[in-house]
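Notes for the structure review
The residues making up each chain are set out below.
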Amino acid sequence: MDRERELLIELRSKLIGELNTLPFTVYDDETLERLLVAKPKTIDELSKIKGFPAKGKRVKGFGELIVKIFNDVDNVEGIKLEGSGMNIRVSATKPMKLF
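Residues numbered from 1 in each chain as written. Predicted model: local features only at pLDDT ≥ 70, side-chain atom pairs only at ≥ 80, totals over all residues. Heavy atoms only, no water.

Some points on the environment of L36
In this structure, L36 sits in helix 3 (residues 29-38). On the basis of relative accessibility, which here comes to 9%, the residue L36 falls in the buried class. On a C-alpha basis, the gap between L36 and R5 in space is 7.1 Å, while along the polypeptide they are 31 residues apart. The contact partners of L36, leaving out residues within four places of it in the chain, are D2, E4, R5, L8 and F70. (Helix = DSSP H or I, 4+ residues; strand = E, 2+ residues; numbered from the N terminus. Buried < 20%, exposed > 50% of the residue type's maximum accessible area, 1.4 Å probe, protein only. Contact = heavy atoms within 4.5 Å.)

Re the packing of aromatic side chains
Overall, the coordinates contain three aromatic pairs when judged by the stated rule. Relative to F52, the ring of Y27 lies with its centre 6.3 Å away and its plane at 45°, an arrangement referred to as tilted. With a gap of 25 residues between them, Y27 in the loop between helix 2 (23-26) and helix 3 and F52 in the loop between helix 4 (43-46) and helix 5 (57-71) connect regions that are remote in the sequence. Just as Y27 is buried, F52 falls in that class too. Between Y27 and F62, the ring centres sit 6.1 Å apart and the planes meet at 50°, which makes this aromatic pair tilted. Here Y27, found in the loop between helix 2 and helix 3, pairs with F62, found in helix 5; they are 35 residues apart in sequence, far enough to count as distant. Comparing Y27 with F62 shows no difference in burial state: the two are buried. Taken together, Y27, F52 and F62 form an aromatic cluster joined through their ring pairs. R58 extends its terminal NZ or CZ atom over the ring of F52, reaching a point 5.9 Å from the ring centre. (Phe/Tyr/Trp six-rings, centres within 6.5 Å; stacked < 30°, edge-to-face > 60°. Lys NZ or Arg CZ within 6 Å of the ring centre and 35° of its normal.)

Structural data, given as structure tokens:
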């Protein structure tokens, strides 16, 4: 499994758990595949993917993180959620540098 796919699945799983919702309300497998094919590098590119309207909750809530995954995957170790309910903030955790 490639790293981008792993991170997108981790993001979806964490949001599902925190929001106590079903996977398709975050994004379904078909949308996951569309993200992996398109590899959006900007919010504008992301908003052209079905399911991610420019002013929609997905783009506002975690669009920047999706774009970061495709722009800088080597510097995203994992996904971090802060807050709860509708006040969740998502961010990327960075790899630890040993030296």
